[in-house]
Each structure stands twice: as structure tokens, then as C-alpha cells.
Amino acid sequence: MSSAALPAPRPLGGRRAAFVWSIGVGVYFVAVIFRTSLGVAGLDAAERFHVNASALSTFSILQLLVYAGMQIPVGLMVDRLGTKKVVVLGTVLFTVGQLGFALSPSYATALGSRALLGCGDAMTFISVLRLGSRWFPAKHGPMIGQVAALFGMAGNLVSTIVIARSLHGIGWTQTFAGSSLAGVVVLVLVLLFLRDHPEGHEPPPAHHAGAAFVRRQIAESWREPGTRLGMWVHFTTQFPAMVFLLLWGMPFLVEAQGLSRGTAGELLTLVVLSNMVVGLVYGQVIARHHAARLPLALGTVGATALLWAATIAYPGAHAPMWLLVTLCLVLGACGPASMIGFDFSRPANPPERQGTASGITNMGGFIASMTTLLAVGVLLDATGDNYRIAFSSVFFLEALGLAQILRLRARAQRRERDHLVASRVEAVHVPV
């Protein structure tokens, strides 16, 4: 049959696209529940495994170390194998990790379970971004990314509300083992309904040449200033809220600020709710005003640094509630601001490198989070639980990231304009 007789592919988007993409988002939702469940169980874990602050932080550090280290390999896997295979593998791994954490009899086995969970978790978000780019038009990219992150924060909300209450209601083993069933449910949905791309939109066959292909994908992605700018935006914006939600927020609010666990949990919930609202706003603003990307990112960094400093430097024994509430509201903007990093790396790379470029970008915030988690734990042990000193480590990483953003921004913007001009010229000269 001649190519002229082939039916035209259906336009991207629509209800089927939303259905398929929602399954991928559901996997990410569950992965975030598992990832952040330790954030509300930190004090329980310290008591269960008889460990100090440094050892407790090792749980999250190892999980994030595995997550960050897997980002480029996962990006390459998504580019080469497609979304569904990677999502299936990731779901199996993070489900087994969560179940293993529930049943772990010792600190060592619990560490191994969190590492396994981190490995599976690492395979979800890049896959969801790739799925969105295959099923929806490119103009919806910023909004698709923010909505995916919003559902991830909904998973965080489940941790701060459901997991926290369940721990004190039915206990450690029943809580974590019961939550692992959610992984089984989304695995079944993925196997039955997830598709890499709609009919008629199959990507061109890729020619993979083993190690040479891997080196080329990484080198060409890194060579783009937009990829590096995206990574540093992600690095600088994400980690304060991640550190607060993933581990140290609850101990800080309870031990340093004298709040009850219930009140501290409500403040952590406020961070999540703020994240969800700000994510929708940022997505809409960037979709309509592309130039707003960098001002939003830099504004979030500045506001976060200001409120963080005001809270830990407050002259009284405890910061007032209005200041803690304001801090949590501002921390809620960190996640949406980190998503702006992908809005720099996405237009800088062709479709066949999207997974690899997203992996490089996604490494940024998790490397910063891992570093800060370790620094806070070590400083708490060294200073006798002085949170003012320990939490000051945040400013060093913010300064490093800010310097890199300012160094790369002009170069990335020039390169992006060159890409846009080249694509318009190519479109004009395409034969009809």
C-alpha cells in the first residue's frame, strides 16, 4: 500500500491520552507515598532500629543516592526500551522495597529495602514525563509536568496524613506492609492498559550501538546549555522542601520548635497543599509566558532562603506559629520551581534524547537533597542537636546553585533561540 493511502494518525491528546497518562501518574503517586513515608516515621524508625541522627539520615541518603545515581541509566533505558517496560520494572522494585522495609528485623536489612525502593522510584518520574511527551502536544509540556508533580505531592499528602495516623494506630509492620498493596494494584493497571505511544505516532527506529550509543546520548545531552541550566535549577530549588518533608521537618518542628506531633504533621501537610496550588499556578504562567521560567525559579530561591533564615535565626527559643506557617507555604513552591528545570532541558534536546536529558536534570535536586540530609544529620550529632547550625547548611548549596544558574542562563537562552530559528527554517523548507 502506498504511503498516500495510509490513514492519517490521530491528533495527540484527548480522553485516551488522559487515561493512559493517568496510569503512569498513578504509578508515580504510589512511588511518592513509599518514598516519603519515612518522613513521618523518622522518630519511629530511630526508636525501632535504635539509631542516632546520622544513622537515621542514612536511610534517606542511601535512598536518594540510589535514586540520583539511577537517573541517567533510567533515562537511557526509557529512550531505548520504551516507557512500559521501565515502569513495570520500577513498580516491582519499589513494591518489594516497601514490603521489605515493613518486615525488616534489623537496621541493615531496612537499609537494603530503602535502597531497593529508591531504585524502583527512580524509574517512575522520567517515565511519566516521557509518556506525557508521547501522548500530548509539545505546547502542553509545562502543564503536563506540573500536573504530574502535583499528583506526586498528593502522594506526599497521603504519607503525612494516612501513614502517620496508621503508624500510631496499627503499628509499623501493618502500616508499611499494607501500603505495599498499592504497588500491586498499579502494577496490574500498567500491565493491562499502559501503552508507550498512540497508534500512528511510533518513534523512528533508533540505532543503538552499545557503549558508543550510551556515551553519545550522555555527551550530546550534557553539551546542551539548556540541560545543564535545567539541572542547576532543579538542584537549587528542590532540596529545601525535600529535606524538610523527607526526614528533618518533623524532628525540627517537634524537638526544636516544641510542637506536638499532630501540629507538626499539619504543617507538613500545609507544605504539600501549598505545593499543589503553586504547581497549577506555575504551570499556567509558564505555558502562557515562556520568559517567566527563570524569574519564577530565582524568586522561589530568594523567598526560600529569606524564610529559612528568618526561622532558624529567630531570637526567641521557638519561632512564632505565623513564621512557621509562612515558611511552610514558601517551601511549597520549591517542588513546582524544580519542575521549571525540565522546561529548560526539554526544548534543548530532540525527542530521542528526552529521557537522557530528563535524567540529567532530575539528578540535580536529589544530589542536593542527599548532601543536605547528610550534612544536617552529621551537624546535629556534632552540635548536640543544634538545629540552627545544622539547618544553616542549606545556604551553602543554594549559593552554589544560584551561581551556576546565573553563569549558564545567557548561554542557554541564546542556544534555545538558535534551536527555534532552525526549526522554523526547516519547517519552511519541508517539501509538501
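This is a predicted model, so every value here is computed, not measured.

Caption draft 1: Summary view of empty space enclosed by the protein. Inspection of every chain in the model, using the stated rule, returns 1 cavity of 30 Å³ or more. Reported here for the largest cavity is a volume of approximately 290 Å³. Arg35, Met153, Gln238, Met242 and Gly335 are, among the 27 residues lining the largest cavity, the residues nearest its centre. Among the elements of the structure, helix 1 (15–36), helix 7 (141–170), helix 11 (225–256), helix 12 (261–288), helix 15 (334–345) and helix 16 (354–383) are those that each provide at least two residues to the lining of the largest cavity. Of the residues forming the lining of the largest cavity, the biggest block, 6 residues, is contributed by helix 11. Residues belonging to the lining of the largest cavity are distributed by class as follows: 16 nonpolar, 10 polar and 1 charged.

Caption draft 2: Examining the environment of Leu298 more closely. Its place among the elements puts Leu298 in helix 13 (residues 293–312). Separated by 42 residues in sequence, Leu298 and Ala256 have C-alpha atoms that sit 29 Å apart.

Caption draft 3: Representation of helix 9 (residues 181–193). A rise of 1.5 Å per residue sets the reference length of helix 9, with its 13 residues, at 18 Å; its end C-alpha atoms lie 19 Å apart and thus fit the reference within 8%. Among the structural elements, helix 1, helix 4 (83–103) and helix 8 (172–179) are those in contact with the buried residues of helix 9.

Caption draft 4: Representation of the packing of aromatic side chains within the structure. The tally for this structure, following the rule as stated, stands at 21 aromatic pairs. On the numbers, 5.7 Å between centres and 85° between planes, the contact of Phe49 with Trp172 is edge-to-face. Of the two residues, Phe49 is situated in helix 2 (residues 42–49) and Trp172 in helix 8; the sequence distance between them amounts to 123 residues. With relative accessibility at 8%, the residue Phe49 sits in the buried group. We classify Trp172 as buried; its relative accessible area is 8%. Where Phe244 meets Phe252, the ring centres are 6.3 Å apart and the plane angle is 65°; that geometry is what we call edge-to-face. Classification of Phe252 as buried rests on a relative accessible area of 3%. Ring pairing ties together the aromatic residues Phe49, Phe59, Phe101, Tyr107, Trp172 and Phe176, which thus form one cluster. Residue placement shows Arg114 over the ring face of Phe101; its charged tip is 4.7 Å from the ring centre. When the ring centre of Trp222 is taken as reference, the NZ or CZ atom of Arg228 above it lies at 6.0 Å.

How each quantity is defined
Residues numbered from 1 in each chain as written. Predicted model: local features only at pLDDT ≥ 70, side-chain atom pairs only at ≥ 80, totals over all residues. Heavy atoms only, no water. 1 Å grid on protein atoms, 1.4 Å probe; cavity = no way out; pocket = protein on both sides within 12 Å on 5 of 7 lines; lining within 4 Å. Points joined across faces, edges and corners; volume = space filled by probe spheres on them. Helix = DSSP H or I, 4+ residues; strand = E, 2+ residues; numbered from the N terminus. Nonpolar A, V, L, I, M, F, W, Y, C, P; charged D, E, K, R; others polar. Expected span 1.5 Å × (residues − 1). Contact = heavy atoms within 4.5 Å. Phe/Tyr/Trp six-rings, centres within 6.5 Å; stacked < 30°, edge-to-face > 60°. Buried < 20%, exposed > 50% of the residue type's maximum accessible area, 1.4 Å probe, protein only. Lys NZ or Arg CZ within 6 Å of the ring centre and 35° of its normal.

In short, geometric facts, not functional conclusions.
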